[in-house]
Amino acid sequence: MASPLNRRLFLTGSVGAAAALGLAACGNTGGGEPEAAEVDPSSFAEGSTMAALAEAGKITIGTKFDQPLFGQAGPDGTPVGFDVEIGKILAGALGIEAGNIEWVETVSANREPFIENGQVDLVVATYTINDTRKEVVDFAGPYYVAGQALMVLVDNEDITGEDSLAGKKVASVEGSTPAQYILDNHPDAELVNFDTYSNCVTALINGQVDVVTTDNVILAGFVESDPDNLKLVNDGETFTEEPYGVGLAKGDDDFRTFLNDTLEAAYEDGSWAEAWESTAGVVLPTPEPPAVDRY
Ligand code: GLU
């Protein structure tokens, strides 16, 4: 469903914002490192994931490494973006400093397996909460709500919305909800799956595909990085809801409650807004934080 808010959201890009984003992409982590709280590991229930992580003093978090605004590897390889800042807030509540977070690149398709195999403790990676995924992992949050949109080359005139996808080569990412949406709703479009969104963008620029589809805010990051070549269709009109959650091992209810409590505290104390404003908020307006869903 297109929302006027989302339409407005994408008219705010400017040369100034693009320049500021360039700085952010060059390794500025924004508002500085969130301070890790002084946390006594024994304050957590014995045997809990929180106690184990706090005791270890480190945590492994999966995120994207190629998505401007949310998770993009900086010059030293450490990712920056809103998801990264959310990860730091969650780690900080366990007393773990940002420097003791091990960042692992997760692409869309390997997020559930990485959680299930224990390769990561958490995934914060533009990760939509849905029932299919909840069969194998759990989610804290949502901490943001995006929506699926379309991106084309600046001179494209014939793709004007999801109703004009018939016969078009539509790029998206394997294992993502936008790819599934195209399969389910637009069988007359030719879905071309890649492993990452940056590879979709390369294919669009090279003329291998006609359009890229994923969440509006991911596409907005790519447009801001290359406004001479890329544009959003219909000012970033959205046609799905993509509530972003923090993925964790299925059945770890105490950890999920802790993560939800921490997100709510970050809404209250301003650290969520600060995380937004220092990253994605350079380009996009600050939204209201969504209510967490303690399903
Ligand atoms: N939010 C959607 C998803 O989780 C698309 C973005 C992504 O693939 O990371 O599938």
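Provided above is the structure to which this section pertains.
(A) Structural view of the site of the ligand. Inspection of the region around the ligand gives 16 residues, with Lys64, Ser108, Thr128, Tyr197 and Asp215 positioned closest. Contact between the ligand and Thr126: an oxygen atom at 2.8 Å from a side-chain N or O atom of the residue. In isolation the ligand exposes 280 Å². Once the protein is present, 100% of that is buried. Only helix H7 (177-185) and strand S11 (211-215) provide two or more residues apiece to the shell around the ligand.

(B) Just the sheet that holds strand S2 (residues 66-67), in detail. Spatial ordering of the open sheet is given by S2-S3-S4, a layout of three strands whose pairing is antiparallel. The open sheet has two free edges, formed respectively by S2 and strand S4 (79-80), since each of these has just one partner strand. Here two bridges tie strand S3 (residues 71-73) to S4, and the two strands are oriented antiparallel to one another. By the bridge assignment, Ala73 is partnered in S4 with Pro79.

(C) Quick peek at the environment of Ile218. Relative to the helices and strands, Ile218 resides in helix H9 (residues 216-225). It is 7.1 Å that separates the C-alpha atoms of Ile218 and Pro68, two residues lying 150 residues apart in sequence.

(D) Region of interest: the pattern of salt bridges. All chains considered together, the criterion is met by six salt bridges. The partner of Asp158 in a salt bridge is Lys168, with the nearest N and O atoms 2.6 Å apart. Pair noted here: Asp158 is in the loop between strand S8 (148-153) and strand S9 (169-173) and Lys168 is in the loop between S8 and S9, with a separation of ten residues, a long-range link. Among the residues examined, Asp158 registers a relative accessible area of 44% and is labelled partly exposed. Its salt-bridge partner being Arg294, residue Asp261 comes within 2.8 Å of it at the nearest N-O pair.

(E) View of empty space enclosed by the protein. Applying the stated criterion to the full structure yields two cavities of 30 Å³ or more. Taken as a whole, the second largest cavity holds about 60 Å³ of empty space. The wall of the second largest cavity is formed by 13 residues, among which Arg111, Thr126, Ser176, Tyr197 and Asp215 lie closest to the centre. Of all the elements in the fold, those that place two or more residues in the lining of the second largest cavity are H7 and S11. Tallied by class, the residues present in the lining of the second largest cavity amount to three nonpolar, six polar and four charged.

Here is what the cut-offs are and how they apply
- Residues numbered from 1 in each chain as written.
- Predicted model: local features only at pLDDT ≥ 70, side-chain atom pairs only at ≥ 80, totals over all residues.
- Heavy atoms only, no water.
- Near = heavy atom within 4 Å.
- Polar contact = N/O pair within 3.5 Å; in protein donor to acceptor, adjacent residues only side chain to side chain.
- Areas by Shrake-Rupley, 256 points an atom, 1.4 Å probe, with all protein chains shown as cover.
- Helix = DSSP H or I, 4+ residues; strand = E, 2+ residues; numbered from the N terminus.
- Pairing = 2+ DSSP bridges.
- Salt bridge = Lys/Arg side-chain N within 4 Å of Asp/Glu carboxyl O.
- Buried < 20%, exposed > 50% of the residue type's maximum accessible area, 1.4 Å probe, protein only.
- 1 Å grid on protein atoms, 1.4 Å probe; cavity = no way out; pocket = protein on both sides within 12 Å on 5 of 7 lines; lining within 4 Å.
- Points joined across faces, edges and corners; volume = space filled by probe spheres on them.
- Nonpolar A, V, L, I, M, F, W, Y, C, P; charged D, E, K, R; others polar.

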